Amino acid sequence: MPPRILLLTTLAMLAFAGNSLLCRLALRETEIDAASFTAIRLLSGALTLWLLLTLRQAGQPIAGNWSGAVALFTYAAAFSFAYLQLDTGVGALLLFGAVQLSMLLWGLLRGERLGLSASLGTVLATAGLLALLLPGASAPPLLAALLMLLAGVAWGAYSLLGRGQGDPLAVTTGNFLRAAPLAVLLALVLLSQLNWDGPGLLYAVLSGALTSGVGYAIWYSALPGLRASQAATVQLSVPILAALGGSLLLGEALSLRLMLSAVAVLGGIALVLGSRQRAGS
């Protein structure tokens, strides 16, 4: 892999993990509420992406659609409300596992067939998620976990909806611009519960502008230099990075349940991706 692509890919994965860290940090350490965080994140992300698109090519039309925007809004809102109670690593693992498994399920519904290795990987990844949700002292709160699974399914749907729609930056900019008013509407519905402070607003802006807006732009710059299997496999690092960041920066415990579930989920998905790469070679 060329050094430039390796650097861009590394920065993009750090940005994706940073979204989980910034959201958890804001909701745990500051006064901002989940609805305000979601609205500010999408608004700042929309503005940043629009500026990037304009700077790249003035006058380029904005793309995207309302289906993608609704999926993006659902992901962002469920993500924020889930992180009111979830630790960073648990949330990232649930999110990432749900994204990958929902996209695999969609492929199966469309007629794709899995070989033995891919089938075993799917079973292993699903078992890892279920094991994380089983009752016990270290189990995450069920409602928060279900919200993060919903966020993962929504992000999977967003990814599927974005296939073949043209320039990724133009599509993402349009979807963010459409999703931002939905987040503002949610905040207005919960007006009596809104609360924020300076640090909370800063973390929300950083999440939207830096780890979302700039992070996505970096990822799109790296994608042309990656094979599809590489692009999928490298994202296995995101839950690990998020869990390590949560432990180092937020003092969150790396429980045995989380580590075993991570091995099962990420190992299972690696089996699926590995079998797809062999089938395509």
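Description of the structure in this document.

Calculation notes
- Residues numbered from 1 in each chain as written.
- Predicted model: local features only at pLDDT ≥ 70, side-chain atom pairs only at ≥ 80, totals over all residues.
- Heavy atoms only, no water.
- Core = buried A, V, L, I, M, F, W, Y, C linked by side-chain atoms within 4.5 Å.
- Buried < 20%, exposed > 50% of the residue type's maximum accessible area, 1.4 Å probe, protein only.
- Contact = heavy atoms within 4.5 Å.
- Helix = DSSP H or I, 4+ residues; strand = E, 2+ residues; numbered from the N terminus.
- Polar contact = N/O pair within 3.5 Å; in protein donor to acceptor, adjacent residues only side chain to side chain.
- Expected span 1.5 Å × (residues − 1).
- Arc of directions from axis to C-beta.
- Patch = residues over 30% accessible without salt bridge, like charges linked within 9 Å, V, L, I, M, F, W, Y side chains within 5 Å.
- Areas by Shrake-Rupley, 256 points an atom, 1.4 Å probe, with all protein chains shown as cover.
- Salt bridge = Lys/Arg side-chain N within 4 Å of Asp/Glu carboxyl O.

1. Things to note about the nonpolar core
Note that soluble globular proteins tend to have their nonpolar side chains buried in a common cluster.
Logical step 1: Among the nonpolar cores identified, the biggest contains 73 residues, and Leu42, Tyr75, Leu94 and Met148 are the most heavily contacted of them.
Logical step 2: Leave out the neighbours within four places in its chain, and Leu42 touches Leu72, Phe73, Ala76, Phe176, Ala179, Ala180 and Ala183.

2. Concerning the side chain of Ser36
Logical step 1: Looking at where Ser36 falls in the secondary structure, it is placed in helix H2 (residues 34-56).
Logical step 2: Taking relative accessible area as the criterion, Ser36 reaches 4% and is therefore assigned buried.
Logical step 3: Separated by 2.6 Å, the side chains of Ser36 and Asp33 make a polar contact.
Logical step 4: Not counting residues up to four positions away in its chain, the partners in contact with Ser36 are Leu194, Asn195 and Trp196.

3. Let's talk about helix H10 (residues 237-250)
Logical step 1: Across its 14 residues, H10 extends 19 Å between first and last C-alpha, which sits within 8% of the 20 Å expected from 1.5 Å per residue.
Logical step 2: Every buried residue belonging to H10 is among Val238, Pro239, Ala242, Ala243, Gly245, Gly246 and Leu250, and all of these are buried. Angularly, the buried residues of H10 cover 165 degrees about the axis, an arc narrow enough to put them on a single face.
Logical step 3: Two residues or fewer after H10 comes Gly251, characterised by a positive phi angle close to 70 degrees.

4. So, a nonpolar patch on the surface
Logical step 1: The grouping of Ile240, Leu244, Leu248, Leu249, Leu254, Leu256, Met259 and Leu260 at the surface amounts to a nonpolar patch, some 820 Å² of accessible area in total.
Logical step 2: Listed by contribution, the elements that provide at least two residues to the nonpolar patch are H10 and helix H11 (256-280).
Logical step 3: A per-element tally of the nonpolar patch places H10 first, with four residues.
Logical step 4: Inspection of the secondary structure puts Met259 in helix H11.
Logical step 5: Overall, Met259 belongs to the partly exposed group, its relative accessible area being 42%.

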